[in-house]
Amino acid sequence: MKHQRNEEFEKAGITVAGGGSAGVMIARCGTCGEFEQISLGTRGRFPPDITARKFEARGWDCSDGRRGRDLCPECNPANKKKEKEKDMTKVTLSVVPTAPPALVEPVQAIQAVLVEPPPAMTRDDKRIIFAKLNDVYLNETAGYSAGWTDQRIADDLSVPRAWVSGIRDENFGPEAANEEIRTQLTEARAVLADVQLVLEKAEKLQTEAEASLKRQSDLTEAIKSLKGAADRVGKNVDRIHKALGV
Ligand SMILES: [Zn+2]
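Residues numbered from 1 in each chain as written. Predicted model: local features only at pLDDT ≥ 70, side-chain atom pairs only at ≥ 80, totals over all residues.

Draft legend 1. Fine view of the nonpolar core. Counting 13 residues, the largest nonpolar core has Met25, Ala27, Phe55, Trp60 and Cys62 as the members making the most contacts within it. Every element with two or more residues in this core is listed here: strand S2 (21–28), strand S3 (35–41) and helix H1 (50–57). Looking at this core element by element, the count peaks at three residues for S2. Ile129, Tyr137, Tyr144 and Val164 belong to the second largest nonpolar core, which has nine residues in total. (Core = buried A, V, L, I, M, F, W, Y, C linked by C-beta atoms within 7 Å. Buried ≥ 20, exposed ≤ 12 C-beta atoms within 10 Å, placed from the backbone. Helix = DSSP H or I, 4+ residues; strand = E, 2+ residues; numbered from the N terminus.)

Structure representation (structure tokens):
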């Protein structure tokens, strides 16, 4: 079996509508450079040997087995021989050109998925949104009262946000909520104050730690000198013992 793998053919991917992908296997003629492709469908691969057989069914000679060394139907000597035989028998049949290979899978795959337009706003929708905005939008300079945004109204009323934005823009003012910004600023200041407090504490702790380190090294020195003194005293005691002959 010659074609155990499909490596002799080039493989290319094509994208089909809906995000799927399909592949094609491409055979290239080693003599004239002609190429032909066979669609793999969406599974993207053929079992070994099938690709070569499919090309051979179209008149290719895939016996070489190396990439780019196949022979297209024009250059395939077996086909020439057949044509010659046809000529010999003087059968005058117009050569029916082989159908061009399909580039892509069927057309319906390419049909664009239409995005559904948002539903139209009814008068009731408008009234409800307007009423809500009237409740929670302070004025043009202050914007929304704290906590309110286009999105929150949209969520509250289960309507598209674009509807809220449209009515608010047209009838009230910008979304930029000054009051909200003020609130955030106040919160930020509070956080900053907290941070400064913690920082002060940390600095105090650091000073204490440094002092403690200093104390420790003082202690180490004291222990060292005490040990020295103890040694000296011990030696003196020994000497006294010897002198006394104890
Ligand atoms: Zn060729």
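Draft legend 2. Unusual backbone geometry, seen in detail. Located in the positive-phi region is Ser158, a residue other than glycine, with phi close to 55 degrees. Here Ser158 lies in the loop between helix H4 (150–157) and helix H5 (161–171). For Ser158, a count of 6 C-beta atoms within 10 Å gives the class exposed.

Draft legend 3. View of the environment of Asp61. By secondary structure assignment, the location of Asp61 is in the loop between H1 and helix H2 (77–88). It is 9.0 Å that separates the C-alpha atoms of Asp61 and Cys29, two residues lying 32 residues apart in sequence. Aside from chain neighbours lying at most four places away, what touches Asp61 is Asp70, Leu71, Asn76 and Ala78. (Contact = placed C-beta atoms within 7 Å.)

Read these as geometric descriptors, not functional statements.
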